[in-house]
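# Chains, contacts and geometry: an overview
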Amino acid sequence: MGQTLCYKILSSHLVEGKLEKGKSISIRIDQTLTQDATGTMAYLEFEALGVDRVKNELAVSYVDHNTVQVGFENADDHEYLRTIADKKGIIYSRAGNGICHQVHLERFALSGKTLLGSDSHTPTAGGMCSFAVGAGGLDVALAMAGVPFSLVAPRVIEIRLKGKLRPFVSPKDVILKVLSHFGVKGNVNSVFEYTGDGVKTLTVPDRATIANMGAECGVTTSLFPSDENTKAFLDAEGRGEGFVPLYPDEDAEYDDSYEIDLSTLEPLAACPHSPGNIKSVKELEGMAVNQVLIGSCTNSSYTDLKKAAAILSGHHVAPTVSLGIAPGSRAVLMMITEDGTLETLIKAGARILESACGFCIGNHQSPGTDSVSLRTSNRNFYARSGTQSANLYLVSPETAAISAITGVFTDPRKSDADISSIRMPDKFLVDDSMFIHPTFSLDIKRGPNIGQPPMNTALPEKVEGHAVIKVGDKITTDHIMPAGARLKYRSNIPRYASFVFESVDPSFPQRALEAKEKGESGFIIAGSSYGQGSSREHAAICPMYLGIRVVVAVSIERIHQANLCNFGILPLLFENENDYELIEQGDELELLDPVSSLASGNFTLFDKSKGKKIGLKLFASEEQKKMLLLGGRLNEVKYEG
Ligand code: MIC
Ligand code: SF4
């Protein structure tokens, strides 16, 4: 039987385990990336590991998430990141250089390499045929220390593309179509592999848009083959020597297959409050729009902005709309400056935003009360924009641009622009002057906001307490640990922890702390797909700080499950999903014999308030069970000396 592309890359990086679907394996990590919002904690953890220098082929630290710098905290974080990078052998990408995934694609991603990033959209580099995975900061710190990365050998799902996109239908519409089919849950431990003739019609930036939002389906990563288009992209970036062709075998067998005819696709939109809530733009036409934002790691490439500019050219943004545009990288910004595209955008009334995550993480540009915001980004979770009552729709740059002119949701095929000649350029502008290479000579600078990574205690013999909170399905990490205006506290755990579940139940931190002070172990009760979305390990660290020891859920997403284990919080699943209904917030709970239940993974929860016993299961590797016993991975490292 032939091999899939996914298993080819995995087998060339396998360090431990049998490469069989569903089995735990460890792989060698060639490249790592971090961004500032997860990076400060990741490097504090790296320091705690006591390793002198990074051990993998390439480590890059990007500053792109929080560049707003209200107060001293962000600037202090950036200085810490700059100086620790110098000391430990990491390339530092300064604020202003662009969004990590866009810049990594441009300058570093290579086919056949493994990449681990402390950001859930790391799979963007799958557009370049990297096996690129998002993880918590501690996993990335360990990878930098040369420790192999553990994962479950995935199911591989073929997405066969045929035909060619029609004008004004965009790669974003392809991934929205994929989301409409696979949804945002139930795809854990799977990889999407794109095949078929339609793949040849997509450039690497097009593929990167599609691979980027595979993260919203919850897959481990997405992969495109390394072919002549990959070579063309690397040549255009002046990195042609790094090209290696890579394809699945002709007779590769997939676990599932789904076909999309690109030529029949139409413009789509993800509606509030989930990227999986898909409708056609036609169905939404006429709805008034208040804000349009073009950018983010999904859609901010040179061609994305050229297409938006062509549609906007000669028109002006509607008086009721605010249009913001954030080029994905400094290189993109310089190119659109040189060729006059920037002027077209400004003339049309666009507000030019910094090349950073900015609006996408709710860091600025929060929309008005009850407003409708069209965005080319990848997440429209409740409250993520900073405005709880706002309705966010995720669309292509083409749909965004035309709707900015008309002031209402508009099908881009109504545009009078000719975008057929807009192609990926043969040469991109290359200017690496915003990367700082390590000199191993600087002292590490730490501002007052930079604390220590907190540690948990070993799993106690008795785990008793209350259901401090009960939440429903699809609780995202944005619900658990808000970013936006709270982002600047990422390096200050006690302060950041005071915002856990802010948009769900602002009294949670106080309740949890009070219980902790009484010596209780806190429980979170959740529905399905708990912890979907980002890789932020703070969604585990801060609840841990507040005394949470157990999450009991119907299902938990991959990265969040790993983060919970890394910080000694038991991620337990209901044996019988209906038992979720039984437990109420405030119930008195006891986990019976927690320590001896670890080995089998079969736990019993006693709900004292209801007088009922409930069966729970732990799905964790042997390594994770060890961590849970010791109270987290940092303790394990200490323990092993
Ligand atoms: C996101 O898009 O949610 C983020 C912000 O990039 C996160 C990382 C973080 O919370 O810092 C992610 O995707 O992992
Ligand atoms: Fe940044 Fe948004 Fe991409 Fe996350 S999804 S990396 S916040 S641009």
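This one's a predicted model, so the numbers in the text were calculated from it and none came from an experiment. (Residues numbered from 1 in each chain as written. Chains lettered and ligands numbered in written order. Predicted model: local features only at pLDDT ≥ 70, side-chain atom pairs only at ≥ 80, totals over all residues. Heavy atoms only, no water.)

## Some details on the sheet that holds strand β5 (residues 91–93)
Taken in spatial order, the six strands of this open sheet run β7-β6-β3-β4-β5-β20, and their pairing is mixed. Both edges of this open sheet fall to β7 (131–134) and β20 (435–436), since each of them pairs with a single strand only. (Pairing = 2+ DSSP bridges. Helix = DSSP H or I, 4+ residues; strand = E, 2+ residues; numbered from the N terminus.)

## Let's talk about the nonpolar core
With 78 residues, the main nonpolar core has Phe131, Phe501, Phe508 and Tyr530 as its most contacted residues. The element that contributes the greatest number of residues to this core is helix α5 (residues 137–144), accounting for six residues. Cys100, Leu284, Tyr393 and Leu429 belong to the second largest nonpolar core, which has 64 residues in total. (Core = buried A, V, L, I, M, F, W, Y, C linked by side-chain atoms within 4.5 Å. Buried < 20%, exposed > 50% of the residue type's maximum accessible area, 1.4 Å probe, protein only.)

## Observations concerning the site of ligand 1
In the vicinity of ligand 1, 14 residues are found, and the nearest of them are His65, Asp119, Ser120, Ser535 and Arg536. A distance of 2.9 Å separates an oxygen atom of ligand 1 from a polar atom in the side chain of arginine 379. With respect to ligand 1, the side chain of serine 534 contributes an N or O atom lying 3.5 Å from an oxygen atom. Protein burial of ligand 1: of its 330 Å² of free accessible surface, 97% is covered by the chains. (Near = heavy atom within 4 Å. Polar contact = N/O pair within 3.5 Å; in protein donor to acceptor, adjacent residues only side chain to side chain. Areas by Shrake-Rupley, 256 points an atom, 1.4 Å probe, with all protein chains shown as cover.)

## Digging into the site of ligand 2
Near ligand 2 you find His65, His101, Asp119, His121, Ser296, Cys297, Cys357, Cys360, Ile361, Asn378 and Arg384, and these make up its full shell. Considered class by class, the residues forming the shell around ligand 2 number four nonpolar, five polar and two charged. (Nonpolar A, V, L, I, M, F, W, Y, C, P; charged D, E, K, R; others polar.)

## Quick word on helix α3 (residues 73–88)
Between the first and last C-alpha of α3 there are 22 Å, a value that for 16 residues agrees with the 22 Å anticipated at 1.5 Å per step. Burial runs high along α3: twelve of the 16 residues are buried. Those residues of α3 that sit buried are Glu73, Asn74, Asp76, Asp77, His78, Tyr80, Leu81, Thr83, Ile84, Ala85, Asp86 and Lys88. Buried-residue contacts for α3 involve α2 (36–49), β4 (58–62) and β5. Looking at the residues trailing α3, positive phi occurs at glycine 89, about 90 degrees. (Expected span 1.5 Å × (residues − 1). Contact = heavy atoms within 4.5 Å.)

## Points about the sheet that holds strand β8 (residues 149–152)
Pairing is antiparallel across the open sheet formed by three strands, whose spatial order is β1-β2-β8. In this open sheet, the two edge strands, each paired with only one partner strand, are β1 (14–16) and β8. Ignoring strand direction, the axes of neighbouring strands in this sheet form an average angle of 45 degrees. Inspection of the sheet shows β1 paired to strand β2 (residues 24–27) by two bridges, in the antiparallel sense. For leucine 14, the partnering residue across the bridge sits in β2 and is isoleucine 27. Set on the sheet, helix α1 (residues 5–13) makes contact with β1 and β2; between it and β1 the angle comes to about 55 degrees. (Axes fitted to C-alpha atoms, helices over the stretch in contact; angles between N-to-C directions.)

## Thoughts on the pattern of salt bridges
Side chains bearing opposite charge may pair, as long as their charged atoms lie close to each other. Counted by the stated rule, this structure contains 38 salt bridges. A salt bridge links arginine 379 to glutamate 216; its shortest N-O distance comes to 2.7 Å. Highlighted residues: arginine 379 in the loop between β18 (372–375) and β19 (391–394) and glutamate 216 in helix α8 (residues 214–217), separated in sequence by 163 residues. The residues arginine 379 and glutamate 216 share a single accessibility class, namely buried. (Salt bridge = Lys/Arg side-chain N within 4 Å of Asp/Glu carboxyl O.)

## Digging into the packing of aromatic side chains
Inspection of the entire model under this criterion finds nine aromatic pairs. Considering the side-chain rings of phenylalanine 182 and tyrosine 258, the 5.5 Å spacing of their centres and the 85 degrees angle between planes classify their relative orientation as edge-to-face. Linking phenylalanine 182 in helix α6 (residues 171–182) with tyrosine 258 in strand β12 (residues 256–261), this pair joins segments that are 76 residues apart in sequence. The exposure class assigned to phenylalanine 182 is buried, which follows from its relative accessible area of 12%. According to the relative accessible area criterion, tyrosine 258 is buried, its value standing at 14%. (Phe/Tyr/Trp six-rings, centres within 6.5 Å; stacked < 30°, edge-to-face > 60°.)

## Looking at the pairing of strand β26 (residues 602–607)
Burial along β26 is one-sided: the residues Phe603, Leu605 and Asp607 are buried and none of Asn602, Thr604 and Phe606 is. Pairing of strand β25 (residues 588–592) with β26, which is carried by four bridges, proceeds in the antiparallel orientation. Its bridge partner lying in β26, glutamate 590 is registered against phenylalanine 606. With six bridges joining them, β26 and strand β27 (residues 612–618) adopt antiparallel strand pairing. Counterpart to aspartate 607 in the pairing with β27 is lysine 612. Hairpin remark: β26 followed by β27, antiparallel, with four residues in the connecting loop; positive phi at glycine 611, about 65 degrees.

## A few points about the environment of glycine 39
Along the chain, glycine 39 turns up in helix α2. Glycine 39 sits 451 residues away from arginine 490 along the chain, and the two C-alpha atoms are 9.4 Å apart. Setting aside residues no more than four positions away along its own chain, glycine 39 makes contact with Thr34 and Leu81.

## Quick look at unusual backbone geometry
The residue after proline 272, namely histidine 273, is reached through a cis peptide bond having omega -10 degrees. By the element assignment, histidine 273 lies in the loop between β13 (268–270) and β14 (278–280). The residue cysteine 129 is not glycine, and still its phi comes out positive at about 70 degrees. On the basis of relative accessibility, which here comes to 0%, the residue cysteine 129 falls in the buried class. Located in the positive-phi region is serine 296, a residue other than glycine, with phi close to 80 degrees. Structurally, serine 296 is set in the loop between β15 (291–294) and α11 (302–312).

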